[in-house]
There are 2 protein chains.
Amino acid sequence: MFNAKSLPVPSIQRLPSYLRLLEEAKAKGKHVVSCTHIAEELGQLSVQVRKDLAITGVSGRPKVGYNIDELINAIRDFLGWNQQTNAFLVGVGNLGSAILNYDGFVTHGLNIVGVFDSNPALRGKTVKGHTVVPFDDMLEYVETLKENDVFVKLGVITVPASAAQEVADKLVQIGVRAVWNYAPTVLELPESVICENVKLSESFAVLTNRMRNQDRR
Amino acid sequence: MFNAKSLPVPSIQRLPSYLRLLEEAKAKGKHVVSCTHIAEELGQLSVQVRKDLAITGVSGRPKVGYNIDELINAIRDFLGWNQQTNAFLVGVGNLGSAILNYDGFVTHGLNIVGVFDSNPALRGKTVKGHTVVPFDDMLEYVETLKENDVFVKLGVITVPASAAQEVADKLVQIGVRAVWNYAPTVLELPESVICENVKLSESFAVLTNRMRNQDRR
DNA sequence: TAGATTGTTAATCGATTAACAATC
DNA sequence: TAGATTGTTAATCGATTAACAATC
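Residues numbered from 1 in each chain as written. Chains lettered and ligands numbered in written order. Predicted model: local features only at pLDDT ≥ 70, side-chain atom pairs only at ≥ 80, totals over all residues. Heavy atoms only, no water.

1. Quick look at the relation of the copies chain B and chain A
Between the two copies of the chain lies a rotation about an axis combined with a shift along it. Quick reminder of the rule: Least-squares superposition aligns the copies on the C-alpha atoms of those residues with pLDDT at or above 70 in both. It only takes one pair of heavy atoms within 4.5 Å for two residues to be counted as in contact.
Its rotation angle being 180°, the transformation that places chain B on chain A also includes 0.0 Å of axial translation and leaves an RMSD of 0.0 Å. Such a combination of rotation and displacement between the chain copies is what one expects of a two-fold axis. Nearest to the rotation axis, the C-alpha of Asn94 of chain B is located 2.5 Å from it, this being the minimum over chain B. Residue by residue, 100% of the interface of chain B is reproduced at the interface of chain A, so both copies engage with the same surface.

Okay, structure coming up:
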């Protein structure tokens, strides 16, 4: 009904790289930056940067550029990185541990409030301050969180492909609104649940296909 | 000069998911599959699947479909997954370990022939059968490989952003033809070196932006 | 033969790029 | 004022989807 026209995904995907650059510029003491400069730095066209920035609602000043603080805030706001996203992480292997240990996502609002694994060997172990809870205990764990008015919005899936659907089902059951899936599977989820797949094999495919094409020249 | 018209990247990125489905079908004892079926399974249009498959050069039979073995082979060939890709991996943190321990990439031809880290605590440790070599010893390590006719084609970068450029420079120095970069940085590389960036923050950005949009309805 | 499916050409859609006016 | 930069409209490009003919 109020079907807001959806914003171009490619633009959204480029925003984090702008943000990184802006934060570096800020750290260097700069206050203003032109999109001509951003474009040069990242090897794109300045029009594209301008269009991308426009979707965040911020505006710049001709001849001057954009205010860095304002722009950083607008991008973070637009991406939802100024709010906390309470999340469960399921699967504390190397990949799961990598996410828990990477501080970048914390500054993007990712707030892990529960860490699960079905491997008994991990039971009770602590990773980056999070005690690993048995996967089967997720439901009761959610209840105790609810009692403290903590609600889980996101599920991060870092289990092997074979277990991913089962994990997704449980996450849906406890009421997450979105799933961030690192397993190479197409998950079946209710329409209302947002799903973003991290495409590692897909990335590798593009890489090796290009290497092969180079070979054939 | 012989600028072969470049193939659509989105199509290349969809091929791995077809491959997964085909291998499952094969494991179930099937020999033939229609793209109508693939499309249904993955929630896409069948024309798209047909176009995507066409770029691999394989052809199907009307009313019947595609031969699964033939199709698997054609996709793997097209992606370069039927050949070994000798690679160095730099950065044996959780992310690097995750890649080393994930068998999927091995079946895609990824052949790790050297694992490096500058952390002295890791020196001499073994991860998935690979002894961690000090980063500074890479050059001499390459020489011993060359003596055995082993040539490194790819560098996998799983170090923090702050170290990524330095690692990339060294990899270029030893002559890799491509770089698979997991660090959130735009690397400066010679034109001739292929670079594929894994976009984790970019994926998170799309996710949280959609969650935010849902909030605002 | 009828129907399902492939393969291909044409139409549509959306994103990128070009052109240019507005502005500090 | 001149020049650099933003903001916007138009043109181009490429990918997706629709339409349909070919075929087993």
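2. Quick word on the interface of chain B and chain A
Put simply, the test is: Here's the idea: put two parts together, see how much 1.4 Å probe accessible area each one loses, and the total over both is what we call buried area. Note on definitions: salt bridges are taken to be side-chain nitrogens of Lys or Arg within 4 Å of carboxyl oxygens of Asp or Glu. Within 3.5 Å is the distance limit for a polar contact, defined as a pair of N or O atoms, with the added protein rule that one can donate a hydrogen and the other accept it, and that residues adjacent in sequence qualify only through two side-chain atoms.
With 55 residues of chain B in contact, the opposing surface of chain A contributes 55 residues. Summed over both sides, the interface of chain B with chain A buries roughly 5200 Å², with 61% coming from carbon and sulfur. Together, Asn94, Phe204 and Met211 of chain B form the three largest contributors to the area buried by chain B at its contact with chain A, with a combined 12%. On the surface where chain B and chain A come into contact, there are six salt bridges. A salt bridge links Arg210 of chain A to Glu196 of chain B; the nearest nitrogen and oxygen atoms lie 2.8 Å apart. The tally of links from chain B across to chain A stands at 30 residue pairs in polar contact (both at pLDDT 80 or more).

3. Regarding the protein's contact with DNA strand C
What counts here: We call a residue near a molecule or strand whenever a single non-hydrogen atom of that residue lies within 4 Å of it. Elements are defined by DSSP. Helices are runs of H or I of four residues or more, strands are runs of E of two residues or more, and each kind is numbered from the N terminus. Note on residue categories: nonpolar means Ala, Val, Leu, Ile, Met, Phe, Trp, Tyr, Cys or Pro, charged means Asp, Glu, Lys or Arg, and polar means any other residue, Gly included.
Around DNA strand C, a shell composed of 22 residues is seen, among which Arg50, Ser59, Gly60, Lys63 and Tyr66 of chain B lie nearest. Backbone atoms, meaning sugar and phosphate, make up 62% of the atoms of DNA strand C lying within 4 Å of the protein. Between Lys51 of chain B and DNA strand C, the recorded distance is 3.2 Å, taken from a side-chain N or O atom to a base oxygen. Secondary-structure elements contributing two or more residues to the surface near DNA strand C are helix H1 (9-27) and helix H3 (46-54) of chain A together with helix H2 (35-42) and helix H3 (46-54) of chain B. The class makeup of the residues in the surface near DNA strand C is nine nonpolar, six polar and seven charged.

4. Considerations on the nonpolar core
Applied cut-off: Residues enter a nonpolar core if they are buried and are Ala, Val, Leu, Ile, Met, Phe, Trp, Tyr or Cys, with the set joined through side-chain atoms within 4.5 Å. Remark: exposure states derive from per-residue accessible area (1.4 Å probe, protein chains only) relative to the maximum for the residue type, with buried under 20%, exposed over 50%, and partly exposed in between.
Of all hydrophobic cores here, the largest spans 101 residues; its most connected members are Leu53 and Leu154 of chain A together with Leu53 and Leu154 of chain B. Filtering out sequence-adjacent residues up to four positions away, Leu154 of chain A remains in contact with Thr85, Asn86, Ala87, Phe88, Leu110, Val176, Ala178, Val179 and Trp180 of chain A together with Phe204, Leu207 and Met211 of chain B.

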